[in-house]
Each structure stands twice: as C-alpha cells, then as structure tokens.
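Structural overview
So you can see what is in the structure, the chains are spelled out below.
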2 protein chains.
Amino acid sequence: MIELENGVFMEQVETFAKRHQWSVVRDMLLLLEPADIAAILAEVSEELLPLLYRVLPKEPAAEVFVEMDPEEQEVLIKGFSDTELKEVLDELYVDDTVDLIEEMPATVVKRILKHTDPQTRQSVNEILNYPEDSAGSIMTTEFVDLKRDMTVEAALKRIRRTGVDKETINICYVTDPSRHLLGLVSIRTLLLADDDDVIEDIMETNYISVSTMDDREDVAQYLSKYDFLAMPVVDKESRLVGIVTIDDAIDVMEEETTEDFELMAGITPTDKPYLRAGVIETVKSRIPWLMLLMLSATFTGIVINGFEDKLAACSVLMGFIPMLMGTGGNCGNQSSVAVIRGLSLNEIDFSDIFRVAWKEARVAVMCGVMLASANFVKLLLIDRWLMGNADLTVLVALAICLTLICTVFCAKVVGAMLPLLAEKIGLDPAVLAAPFISTIVDVLSLLIYFRFATALLGL
Amino acid sequence: MIELENGVFMEQVETFAKRHQWSVVRDMLLLLEPADIAAILAEVSEELLPLLYRVLPKEPAAEVFVEMDPEEQEVLIKGFSDTELKEVLDELYVDDTVDLIEEMPATVVKRILKHTDPQTRQSVNEILNYPEDSAGSIMTTEFVDLKRDMTVEAALKRIRRTGVDKETINICYVTDPSRHLLGLVSIRTLLLADDDDVIEDIMETNYISVSTMDDREDVAQYLSKYDFLAMPVVDKESRLVGIVTIDDAIDVMEEETTEDFELMAGITPTDKPYLRAGVIETVKSRIPWLMLLMLSATFTGIVINGFEDKLAACSVLMGFIPMLMGTGGNCGNQSSVAVIRGLSLNEIDFSDIFRVAWKEARVAVMCGVMLASANFVKLLLIDRWLMGNADLTVLVALAICLTLICTVFCAKVVGAMLPLLAEKIGLDPAVLAAPFISTIVDVLSLLIYFRFATALLGL
C-alpha cells in the first residue's frame, strides 16, 4: 500500500517541511517502518535530508540510519555534531557499526571510531579482522549468555536486565566460565518451563555451531535448512564469540543469489542496487566479460573460414548455423543452470558427478532425438516441399539432424560438468555458466556440423 | 561436519539396525538435527525406512516427518497404523499438514483428513482454499493472540498456557473480540516491560499486515525487507486469520529464486531437487522451450538465405556472424538479468522504465564503442596484417564494427525493456529472459549486418 502512494506521500512530507511544520512531518514519517523512512530519505534533496532525519526520535532514528544506503549515511555523518554522532552510534548494534565502517571513507571511519565506546570498538575491530566472506564478518557479539546452574527465574531476570542491548533474546546461549558453548535454550523453552527448573536440565546440548572462518553462504544455508533464528559462532578453541541472526543470513542469501545471477550473465558482481550504480560503474562491471567473449568468438570465425569454400559450394548449409549453435547454447544453459542451482542449495556436490553425468546423458539423448525428428520433418515438409527449396535434399536434412543430436549431447554434458569441476577447484560455479558454455558449444557444434556435411554430402 | 561423515554414519546406522540394536540406532539418530535425520532416511531402503522412523520418540519423529520428501512420507503413511498416523498428525502444525496434503495422492489425503481433529481439519480446508501463490496458502493459523486490556503478567501467563501449540511465540498479536488486529507485541517487549503494564500501552499499533490474497513472494520480500520474524495475514474485513513465519518465507524465497533461474534458462519450473527429478520429468520440463526456440531460429535462417548470394560473393563476412550474434546475445543477457533481479528484489518497478532505458542506452553506447574499437584494431592488426587475410579490407572491418555498435545498442535496450513490459502485463519477467532475447537479437543483428555490408561494400 505504501509503495503505491510513495509519490504522493513524499510530496506531502516536502510541503510540510517547507512550511517548517516539523511535528507534522515527524508524525507522518513515524507511520512508516524504518526501511520505508530510509527509502523516503533517499529521494529527498541533500539539504532536506538532515532536517528530516533530525525530526525523528532517537531510537527510530538509529533504526532508519541502519536501513539507509552508504551515500546518505555519509551525508548525514558529515553534518552531525559530535554529540549527534555519538547518540546514533550508541543505538547501533555492533554488526551494524561494522557494516557502516566498511562502507565509509577513511576520514569518516576515524571519526566514527573516535566516538564509539572502547568495548564496542574492540568488538568492531575483531569482526573487521575476519575475511570478507566469513561467518565472523557477519556475526554480532551482542547475545544473551546464561550459566548452566542458573534457575529459569534467574535466567529470565538476567534477560530482563541485559536484554535491551542484545540483538535477539529469542535464543540464549549457555557458556562455562571460559566462554565455551555448552548449549542453547530458546525463550520459548524458558517461558514454558517452571521457574525453579535449572538451565542445565532444559538446555539443548545437541546444537549446531559454525566456526568464525566458515563461509558466510554456508552459514546462511544452515539457518535456512534447519529453520534456526540464530546460529552460534565459535572460535578455534570452541569459545562462543558471536551469533549470526536470521535477518543477516537472509541478506547474505540475497546478495549471493544476485551474485550468481550476475556471474551467470557475465557481469562482475557489485553490491549496488540497479538504479544506484552509475553508468561508468555499470560499464566497468560488464565490459571485461563482453570483451573476453567477443575475442573468444574468434575461434568460431576460424572454423567457419576454414570451411568457407565448401560452404560456398553448398550454400544451403549456411542458414542453419545459427539454429544449431543456438539450440546447443540453450541446451547447455539448461543443464548448467540446473546444476549451479543444485550446488548453491547444497542439493548436489562434486561426489554426485557420475549421477549427474548419467542423468544428463540420458536427458540429452532423448532431447536430441526429439529435436532432430521434429526438425527433420519440418525441413522436408516446410522448407523443401512447401517453400520449394530444392537444395535441401534428404542428405542435407540428415546432416543437420545428426549434428543436432550430437551437439545437444555435448552441450548438456559440458553444461552439467563444468560447474561441478569449477566447484571442485574452488571457483564459483556460476562463473563458468551460460556465456562460457555457449562459446565452447558454438565451436563444438560447428566442428560437428562440418564433419557430418563433409561425410554425407561428399564436399 | 555431518556432511563429510554422512556415508560412514549411514553405514553404522545400517549395521546396528541389522543387529536389531534399536536403542543404539535411536541414540545415534538423535545426535542429528531433524533435517539431517530426514536426509539419512531418504537414503535407506524402503524396508528399513519405517523401522528406523519408529525408533524415534514422538516429538522429534514429527519434526523429522515434516522435513522428509513426499516420496518417503507416502511410504511411511502407507505403513502407519491408524493410531500411529493420528500421533504424527497431532504433532504437526497446521501449515505442515497443509503441505503434506498438497503432496499426497487422493487416497492418502482421505485417510489423513479422517484422522485430524475437526478444528485442524477446518483450518486445513480454509488454507487449501487460497490460491497456490497467495499469502493465505503459506500461513499458519496457530499464533498467540492477546487482548488489549490484559496486563503483561496475564499475557505471559496466557503464553505459558497456550504457547506449546503455537508455531512461534516471538511475536504475539492483539485482537478485539471480533478478531480485528489491533497491534502486535514481541516477547522481548513483554519481558522487558513491567508485570502490571497494560498490553494496549506497549503494543506496536503501527504494524504492517498482508492480505490473504497477496502474492506469497511479496510477503517473503516484506519479511526480508523489514527484518520481521512473522507477518500477520488479515482477510478482507481486516480480521486476523493467520501469520507467515520467517522460515516459511525463506522457503518461498528459495523456491521463487530457483523458478527465476529455471525460467531464465528456458526450463519449466518443477519443485523437485535436481537429483530427485526423473529423466522423463526433466526432459518434459526442458523440451518445450528447446522446441520453440529451435523453430523460432527459422527466422535467422530465412534472413541468411535471403542474403545467400551476396554472402557467397563476399565470403569473408560469414565468419563473423557467430561473433556478432554472440556478443549481441551476451549484451542483451546482461541487461535483462540485471533488470529481472532488480524487479524481484523490488528495487525497480515499471514506473522506472524511462530511467532504466536511459541508463541502458548510455551503457550500451559506451560498451558498443569500446567493443567496436577493440574489434577494429584486432581485425586489421591480427586478421589482416598478421594472418594475411587480404579479403578483410578496412570497409569490411568498418561494416563489422558499425554492426557491433548498433547490435549492442538494440540488445541492451531490448534486454532491459522486455522484462519490464512482461511484468506490466502480468507475466513473470524471467520468462522473457535470455533465450527469447537472444532469438530476437540474433535476427536484429543479422539484419543490421547485411544492411551495413550492402551499403559499405556495394554488394
């Protein structure tokens, strides 16, 4: 509902702002969720932005701040007084502070670190030290920890006392004095238990944790697979250092999916939304692959040129090159996408390579034969008989259709195997998808075509 | 860790099962999460499956049951006595029962409905009545509802009393006597409030809800955008009828993403994991698009055949056809994928069509000029000078490079516009992606190529 009226809403906000009726502006903005307020602020002028932001009460203001894009965050921070900056920073969770620091230019970072309290600064620095795609880099260090010998009553008291600063209280973590993770207990379990039950007796000891260095994509997959709301992150000595919450996991999943889509289309991934990325930036992310693929098409050129004289002698063959290459490309694409998606959902892994190959081979034979049969009938019925193309003899049709069968077979097997091999050697399988596979399949299909043409037509 | 040892673990389980050491088997299985136990059960023989399932205690058994694939669920149900079936069904949440019923054959469904209690049966039937992709179809009717005049203490008591049967207690919903939704209150707010605070004063009245008929994909996007753990679903009269929880939203997001990937590769979406889908099924999901696209390649054939004589006269032109079509296809692909992804993340919508067109046009001109320049240099330096291809005159190179610029432009604009238009007329934008766009771009690039060749080379 809000989406539809965004334009009207914006206008009204701007009108009231012009009239300096700030309390009306505040009441209007507070009708929205933080993410929507951030979207509104992204659209207003740079002068209006800090004015609108300042009408918000402290707590929603911090929530809105977290939802904003780095560009607007930077504008705001530059306009903040030291006190204002400190107020916002105090409201942020550690992982949000880390995200902010990662996006800001060095001078702004310095100012931010100066105004965070020493304990947060230490946590921030720790998290910043983990590699970019690791579990450690997306975790938060603000979780509820309980002791094994507490009663439920004491635990609830502790949650009430400290919970306000924690990112989630839905899952609490039970640790020993040296911070080793002993088990977990959900707020639900706590509430449904008796007041004098002891944590040790009701906690789940059979939990799943990840290590700080694990791939963040795997962590997100675990959270999704096991329907968890949060996942504990432990260091090499099995000490609990943080948790990854479901909302951050969802962001990771969306980012990784976008990355897969982009790689598969030959785009270098960026993390900017489509309309946010400038023209130069977009060109930069697209041109390298286009260039590479264009130059690699030289091979198809060489194959065709090598066959030039024979093609000139039997010119009817020429018109079917795009169809053969296209169908090969589409077949390879289907298989590679199916395998890449299976890999990222952890439905298949490298050990399944023979099952995948065997499946694709059978699918390929069936698809190939069906396509070739349909094409054979179409060639003779429509092209030869109906449209009177006398050059299109039965032998020519046969050459085309045999090529189709072999091309489909090669395309499907290559398309399914390449992503698996990429995964094995540690590349992102999506890199080897559509564009690459169709370049390989193009050359293969031409070689097969000319081979059959030479043999069958005696060229 | 579990993944790596899956094979060994399985073997051990099977060995102990053979020796009828069921308590050992049970203890081993209970080390795992329900999703992992389900994965193990999917691998064992049909005889062993019910035996292993029966060693599990009632509650984990139900959780494992929910995680299993329909094939194994059917095997189990068919082997269940009526009492066993009732026991499992009693443990399931309403939305899980709905999922089960949707997957089972009619005879099994009849038996399931016979053994669910009347109230659940009514909820199940209600949910089954919503269209397949609606919010209503994925919601659960088991949520915690509170009254506005309750104290926090009374509310917590109510949660303790009824919470065990609810899918989540993290968010509670405040309704009036005619079930209109008044507000929501999180368990965190309840715990951090004073015992004698009144719900009315602490509840969030400025909430977002969806309607039963809203698209389930939009609901999932809302949950992700606003970082909610659950979202209320209301009927036309604004009465609260259910909630959608974050774990179900994640499943929807994954399914919809897989569907996008499949559509973009010309595969009819199925909801079976890659290795689960049989060969015939896979062929069925792939062959229609291949057939359609193969036949539509007839157009490229017609264009080439119409130009046959002139191509024969200047045969050097032929070798560059695949490169031109390929580059056009890659360019169109990049734009369409970027736009499709933006659409599904709600970053862009139809009203942005002019901004998108203007951006793509500028990107296209820059990419086109860069690709053409690189190609021009390569043609004259490598093909003509180094490889001594005398046919490749400056005019031929010019024809190729001008074609490249125009093709890239058309491809990028067509690639970006088609998904937006598809969205506008209510089609899934992904349907019009890669395969279709490259067919259109293929024809366009040939027409442009032959036009430039005729004009420049006087053919």
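Our subject is the structure that appears above.
Residues numbered from 1 in each chain as written. Chains lettered and ligands numbered in written order. Predicted model: local features only at pLDDT ≥ 70, side-chain atom pairs only at ≥ 80, totals over all residues.

A tally of regular secondary structure across chain A gives 23 helices and 6 strands. Its C-alpha atoms give chain A a radius of gyration of 30 Å, more than 25% over the compact-globule value 23 Å for 459 residues. With respect to the three principal axes, the spread of C-alpha positions in chain A is 90 × 60 × 40 Å. In chain A, which comprises 459 residues, the proportion classed as buried is 45%. Counting contacts in chain A only where the partners sit at least 6 residues apart, residues at least 24 apart contribute 70% of the total. (Helix = DSSP H or I, 4+ residues; strand = E, 2+ residues; numbered from the N terminus. Rg over C-alpha atoms; globule rule 2.2 N^0.38 Å. Buried ≥ 20, exposed ≤ 12 C-beta atoms within 10 Å, placed from the backbone. Contact = placed C-beta atoms within 7 Å.)

Below, the discussion takes up the nonpolar core. Core analysis: the biggest nonpolar cluster contains 133 residues, and Val339(A), Val408(A), Val339(B) and Val408(B) have the highest contact counts within it. In contact with Val408(B), not counting residues within four places along its chain, are Thr327(B), Gly328(B), Cys331(B), Ala364(B), Cys367(B), Gly368(B) and Leu371(B). By size, the runner-up hydrophobic cluster in this structure holds 94 residues, among which are Tyr130(A), Val144(A), Val241(A) and Ile169(B). (Core = buried A, V, L, I, M, F, W, Y, C linked by C-beta atoms within 7 Å.)

Further remarks concern the environment of Glu132(A). All names here are of chain A. With respect to the helices, strands and loops of the structure, glutamate 132 is situated in the loop between helix 10 (118-128) and helix 11 (135-138). Classification of glutamate 132 by C-beta neighbours within 10 Å gives exposed; the count is 8. Remark: the alpha-carbon pair of glutamate 132 and valine 75, spanning 57 residues in sequence, is separated by 25 Å.

All names here are of chain B. What the 3 strands build is an open sheet, ordered 4-5-6; its pairing is mixed. In this open sheet, the two edge strands, each paired with only one partner strand, are strand 4 (210-211) and strand 6 (240-245). Here 2 bridges tie strand 4 to strand 5 (residues 230-234), and the two strands are oriented parallel to one another. Each residue of the ladder has a partner; that of valine 210, found in strand 5, is valine 233. (Pairing = 2+ DSSP bridges.)

This part covers the sheet that holds strand 3 (residues 181-186) of chain B. Taken together, 3 strands build an open sheet; the order of strands is 1-2-3 (chain B) and the sheet is mixed. The open sheet has two edge strands with one neighbour each: strand 1 (145-146) and strand 3 of chain B.

To continue, consider the environment of Glu237(B). Position of Glu237(B) relative to the elements: it lies in the loop between strand 5 and strand 6. Considering only alpha carbons, one finds Glu237(B) and Thr258(B), 21 residues apart in sequence, at a separation of 34 Å.

What follows covers the interface of chain B and chain A. Between chain B and chain A, the residue contacts involve 89 residues of the former and 88 residues of the latter. Of all the elements, helix 20 (residues 321-344) of chain B adds the most residues to the side of chain B that touches chain A, at 14 residues. Among the residues making up the side of chain B that touches chain A, the classes are represented as 51 nonpolar, 20 polar and 18 charged. (Nonpolar A, V, L, I, M, F, W, Y, C, P; charged D, E, K, R; others polar.)

For helix 8 (residues 94-103) of chain A, the full list of buried residues reads Val94(A), Asp95(A), Thr97(A), Val98(A), Asp99(A) and Leu100(A). Buried residues in helix 8 of chain A make contact with helix 6 (70-79), helix 7 (82-91), helix 9 (106-114), helix 10, helix 11 and helix 16 (246-264) of chain A.

Two quantities define a packed helix pair, namely the angle between the axes and the distance from one axis to the other. At a minimum axis separation of 9 Å, helix 17 (residues 279-296) of chain A and helix 21 (residues 353-386) of chain B run at an interaxial angle of 35°. In terms of crossing hand, the pair formed by helix 17 of chain A and helix 21 of chain B is right-handed. Contacts between helix 17 of chain A and helix 21 of chain B involve Val279(A), Thr282(A), Val283(A), Arg286(A), Ile287(A), Leu290(A), Met291(A), Met294(A) and Leu295(A) from the former and Lys359(B), Arg362(B), Val363(B), Met366(B), Cys367(B), Met370(B), Leu371(B), Ala374(B), Asn375(B) and Lys378(B) from the latter. Among the residues forming the contact of helix 17 of chain A with helix 21 of chain B, the class breakdown is 13 nonpolar, 2 polar and 4 charged. (Axes fitted to C-alpha atoms, helices over the stretch in contact; angles between N-to-C directions. Left-handed = near helix turned anticlockwise from the far one by under 90°.)

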